[in-house]
Amino acid sequence: DGGEKVHGVIRSGALKGTRRDLGGVAIDSKHFQQILSRLKVNAGKGRYKYPSAFMSDLTYDALVEARETDRRFHSIEDTDRGVKGIGYVHGKDRVEFMPDEFVHGQRIWILPEGKDALCYIGKDPQQVKPNGNDAFHLSLASGGSQYGRDMQTFFEQTGVLLSKHPAACGVLENFTATSF
């Protein structure tokens, strides 16, 4: 939402995403309430469902701890005070928290379900065939100086993920994730 140019389109005004900078405060349930309310206003109430919020493992762990004191975080199949999963309920949406190793430690991405908000444009994976030859070849042995008896092949793929409706994609950023 900072006015940067992405794929030739300046992301500002009606074309910007829904972003909330928390200014370094500890993540709390009220932040989920605020971002989900803003998402539904910006994208149109009822247009999208928000089934998942993607976050780092550290953030997820902090929210699991917060679940013990904040009743607004809901357990998913809580057995003997362990956690199979947690989430947040906003209206008719139940947003499940999904830890992901590829999410920055100070970001939580809340993405809509459906085909008209995000789309992938690209090619299917294809086997690499150097010079039109066979795609399989001998692999290097563990020492790296000899060939082994195993066969290997490689694949390549190109593509890009596009946001057709940036206002429907939300992010919480610049927060601290500490144990509560």
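Above this text is the structure in question.
Here is a short report on the structure shown in this document. (Residues numbered from 1 in each chain as written. Predicted model: local features only at pLDDT ≥ 70, side-chain atom pairs only at ≥ 80, totals over all residues. Heavy atoms only, no water.)

Looking at helix α1 (residues 29–43)
Next, step 1: For α1, with 15 residues, the first-to-last C-alpha span of 21 Å sits near the 21 Å given by 1.5 Å per residue.
Next, step 2: Of the residues making up α1, those classed as buried are S29, H31, F32, I35, L36, L39, K40 and A43. With its buried residues spanning 160° around the axis, α1 presents them on a single face.
Next, step 3: Just downstream of α1 lies G44, where phi reads positive at about 105°. (Helix = DSSP H or I, 4+ residues; strand = E, 2+ residues; numbered from the N terminus. Expected span 1.5 Å × (residues − 1). Buried < 20%, exposed > 50% of the residue type's maximum accessible area, 1.4 Å probe, protein only. Arc of directions from axis to C-beta.)

Re the layout of surface pockets
Next, step 1: Of the volumes computed, that of the largest pocket is approximately 410 Å³.
Next, step 2: Lining the largest pocket we find 19 residues, and of these R19, W109, S163, P166 and C169 sit closest to its centre.
Next, step 3: Secondary-structure elements contributing two or more residues to the lining of the largest pocket are β3 (18–21), β8 (107–113) and β14 (159–163).
Next, step 4: When residues of the lining of the largest pocket are assigned to their parent elements, the largest contribution, three residues, is made by β14.
Next, step 5: Here the second largest pocket defines a volume of roughly 230 Å³.
Next, step 6: Taken together, 14 residues make up the lining of the second largest pocket; nearest its centre are K40, K45, G46, K92 and D93.
Next, step 7: Secondary structure elements with two or more residues in the lining of the second largest pocket: α1 and β4 (49–55).
Next, step 8: Per-class residue counts for the lining of the second largest pocket are four nonpolar, five polar and five charged. (1 Å grid on protein atoms, 1.4 Å probe; cavity = no way out; pocket = protein on both sides within 12 Å on 5 of 7 lines; lining within 4 Å. Points joined across faces, edges and corners; volume = space filled by probe spheres on them. Nonpolar A, V, L, I, M, F, W, Y, C, P; charged D, E, K, R; others polar.)

Considerations on a nonpolar patch on the surface
Next, step 1: Residues F136, L138, L140, Y147 and M151 make up a contiguous nonpolar surface patch of about 560 Å² in total accessible area.
Next, step 2: Put simply, the parts of the chain that give the nonpolar patch at least two residues each are β11 (137–140) and β12 (147–152).
Next, step 3: Relative to the assigned elements, F136 resides in the loop between β10 (126–127) and β11.
Next, step 4: Taking the relative accessible area as the measure of exposure, F136 reaches 41% and is therefore partly exposed. (Patch = residues over 30% accessible without salt bridge, like charges linked within 9 Å, V, L, I, M, F, W, Y side chains within 5 Å. Areas by Shrake-Rupley, 256 points an atom, 1.4 Å probe, with all protein chains shown as cover. Salt bridge = Lys/Arg side-chain N within 4 Å of Asp/Glu carboxyl O.)

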